[in-house]
Amino acid sequence: MSRGRFRETRLLFAEYESSRGLSDQTKARKTTEIKRFLRYLSDHEIQDIREVRAPHLEAFILELKEKDFAPSTIRTAHSMLVDLFAALARSGRILSNPVDLVEITLSEPAGVKAVFSREEIRAFLESISTHTGFGVRDRAIFELMYVTGMRLGEVARLELGDADFSLDEVFIRSGKGRKDRVVPLGRKAKEYLSAWAHKARTWFSASEAERAMFLNQDGRRIPASSIRFRFHRYLKAAGIERPGLTPHSIRHSCATHLLENGADIRYVQELLGHESIETTADYTRGVAEGLKKMHRTHHPRENELYPET
């Protein structure tokens, strides 16, 4: 792709960002990052935006990390990539979205994972109206993520036959590390997933050949970028403005709330598909911090509710 065609990409991106009602400051930051990304492509002799694949996106973010760019800059660059390829897919410039095929891990401040409180996750889920087919689908997606701890990419890749309603199980194919696993469906997730799979999905299905569980308005597999966009829409609808919450926070919340309720750490490890229990143990440290906060707030020795005798 020539410099002129890259100019067309920049213009398309600018139009897409303008349509979203972003602040001038946010648009300026993302414009800086798209220029950086397009220079990266040129430096690596990628002349056509259609040649970009998931490994290129991973390498770009990794390069930013290796050059010690600020975490806020890296998050902006990641957000820019999501928006850029969503715009390209929407306009028909690309047939498949490389962002949907990889989850780029971004570091969280001070190693702390952004987790919903139980009240927040309830408000988030209940903000999704199920009076439309879109709502039934979205409620099923996010209930499933919260109950099973599935990653965004795993949900997007789910096939119609992967949910066994008779056994209350979901089969996850080629999760992280290319490993399969089976997770329990759960009562609430089953309720909404069944309503979607057995009824609402037929309103979207354009072809019997499409076996994706979750479909977009065109009857094709819903991309992860669309799920991410709708996540933020429902977050706003629920009045939750705390920074740092992402679709991956639902997975963090699943693990944290299970451990808070006394679940065995090895069960949580199996549910999330962690190879090492040390990865799961990170959640126990978060639970411990929560207990400390509760202790400081409620214990008489900490808040001096009662005088000493």
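Visitor: Sorry, what's going on with the sheet that holds strand β2 (residues 169-172) here?
Guide: In sheet architecture, strand pairing relies on hydrogen bonds along the backbone and comes in two forms, parallel and antiparallel. Spatial ordering of the open sheet is given by β1-β2-β3, a layout of three strands whose pairing is antiparallel. Strands with a single pairing partner mark the edges of an open sheet, and in this sheet they are β1 (163-164) and β3 (181-184).

Visitor: Even after reading the chapter, I still don't get the packing of aromatic side chains, so can you show me in this structure?
Guide: The description of two aromatic rings rests on the distance between their centres and on the angle between their planes. Applying the stated criterion to the full structure yields 12 aromatic pairs. Taking the centre distance of 5.0 Å and the plane angle of 65° together, the rings of F37 and F60 count as edge-to-face. With F37 in helix α2 (residues 24-43) and F60 in helix α3 (residues 54-66), the pair connects residues that are 23 residues apart, well separated along the chain. Members of the aromatic cluster, each reached through a chain of ring pairs, are F116, F124, F142, F231 and Y234.

Visitor: Looking at this model, I keep getting lost on α3. Mind explaining?
Guide: Because an α-helix completes one turn every 3.6 residues, residues spaced three or four positions apart along the sequence face the same direction. Its 13 residues give α3 an end-to-end C-alpha distance of 18 Å, which sits within 8% of 18 Å, the value for a rise of 1.5 Å per residue. Looking only at α3, the buried set comprises A54, L57, F60, I61 and L64. Here the buried residues of α3 occupy an arc of 125° about the axis, which is enough to place them on one side. Seen from the buried face of α3, the exposed residues on the opposite side, beyond 90 degrees, are P55 and E66. Among the structural elements, α2 and α4 (71-90) are those in contact with the buried residues of α3.

Visitor: Help me understand the environment of R90 in this model?
Guide: Tracing the backbone shows R90 in helix α4. Along the chain, R90 and Y16 lie 74 residues apart, while their C-alpha atoms are 9.6 Å from each other.

Visitor: Explain a positive patch on the surface to me, please; I cannot follow it from the model alone.
Guide: Taken together, the side chains of R7, R10, K35 and R39 present a region of like positive charge at the surface. Broken down by secondary-structure element, the contributors of at least two residues to the positive patch are α1 (3-19) and α2. By the secondary structure assignment, R39 is in helix α2. Owing to a relative accessible area of 48%, R39 belongs among the partly exposed residues under this scheme.

Visitor: When you look at the confidence of the model for the protein chain in this model, what are you seeing that I'm missing?
Guide: Low pLDDT marks stretches whose predicted atomic positions should not be read closely. A residue-level look at the protein chain finds 83% of positions with pLDDT of 70 or above and a mean pLDDT of 83. Contacts for the low-pLDDT stretch residues 305-309, under 50 throughout, to residues beyond four places or in other chains number four contacts.

Visitor: Is there a simple way to think about helix α9 (residues 224-237) in this case?
Guide: The end-to-end C-alpha distance of α9, which contains 14 residues, comes to 20 Å, matching closely the 20 Å that a straight helix rising 1.5 Å per residue would cover. Regarding α9, the residues found buried are A224, S225, I227, R228, R230, F231, Y234 and L235. Buried residues belonging to α9 abut α4, α5 (118-126), α6 (133-148), α7 (152-156) and α10 (247-260). Following α9 by one or two positions, G239 adopts a phi angle in the positive range, close to 75°.

Visitor: Mind showing me how you'd approach the pairing of β2 here?
Guide: Regular strands have side chains that alternate between both faces of the sheet. The side-chain alternation of β2 yields one buried face, formed by V170 and I172, and one unburied face, formed by E169 and F171. In this sheet, β2 lies alongside β1 in antiparallel orientation, the contact comprising two bridges. Pairing of D164 across the sheet is with E169, part of β2. Hairpin connection, β1 to β2: the antiparallel pair is bridged by four residues, and D168 has positive phi, about 55°.

Visitor: Would you mind showing me how to read the side chain of R228 here?
Guide: Structurally, the position occupied by R228 is in helix α9. Ignoring sequence-local partners within four residues, the contact set of R228 consists of V82, V99, L152 and P247.

Visitor: Looking at this structure, I do not really get the packing of α2 against α3. What am I missing?
Guide: Helices that pack against each other are described as a pair by the angle of their axes relative to one another and the distance between those axes. Their axes nearest at 11 Å, the elements α2 and α3 cross at an angle of 115°. Considering their axes alone, α2 and α3 lie roughly perpendicular with respect to each other. The handedness of the crossing between α2 and α3 is right-handed. Contacts between α2 and α3 involve E33, R36, F37 and Y40 from the former and H56, L57, A59, F60, E63 and L64 from the latter. In the contact of α2 with α3, the residues fall into six nonpolar, one polar and three charged.

Definitions and cut-offs
- Residues numbered from 1 in each chain as written.
- Predicted model: local features only at pLDDT ≥ 70, side-chain atom pairs only at ≥ 80, totals over all residues.
- Heavy atoms only, no water.
- Pairing = 2+ DSSP bridges.
- Helix = DSSP H or I, 4+ residues; strand = E, 2+ residues; numbered from the N terminus.
- Phe/Tyr/Trp six-rings, centres within 6.5 Å; stacked < 30°, edge-to-face > 60°.
- Expected span 1.5 Å × (residues − 1).
- Buried < 20%, exposed > 50% of the residue type's maximum accessible area, 1.4 Å probe, protein only.
- Arc of directions from axis to C-beta.
- Contact = heavy atoms within 4.5 Å.
- Patch = residues over 30% accessible without salt bridge, like charges linked within 9 Å, V, L, I, M, F, W, Y side chains within 5 Å.
- Areas by Shrake-Rupley, 256 points an atom, 1.4 Å probe, with all protein chains shown as cover.
- Salt bridge = Lys/Arg side-chain N within 4 Å of Asp/Glu carboxyl O.
- Lys, Arg positive; Asp, Glu negative; His and termini not counted.
- Charge placed at Lys NZ, Arg CZ, Asp CG, Glu CD.
- pLDDT = per-residue confidence, 0-100.
- Axes fitted to C-alpha atoms, helices over the stretch in contact; angles between N-to-C directions.
- Parallel < 35°, antiparallel > 145°, perpendicular 65-115°, else oblique.
- Left-handed = near helix turned anticlockwise from the far one by under 90°.
- Nonpolar A, V, L, I, M, F, W, Y, C, P; charged D, E, K, R; others polar.

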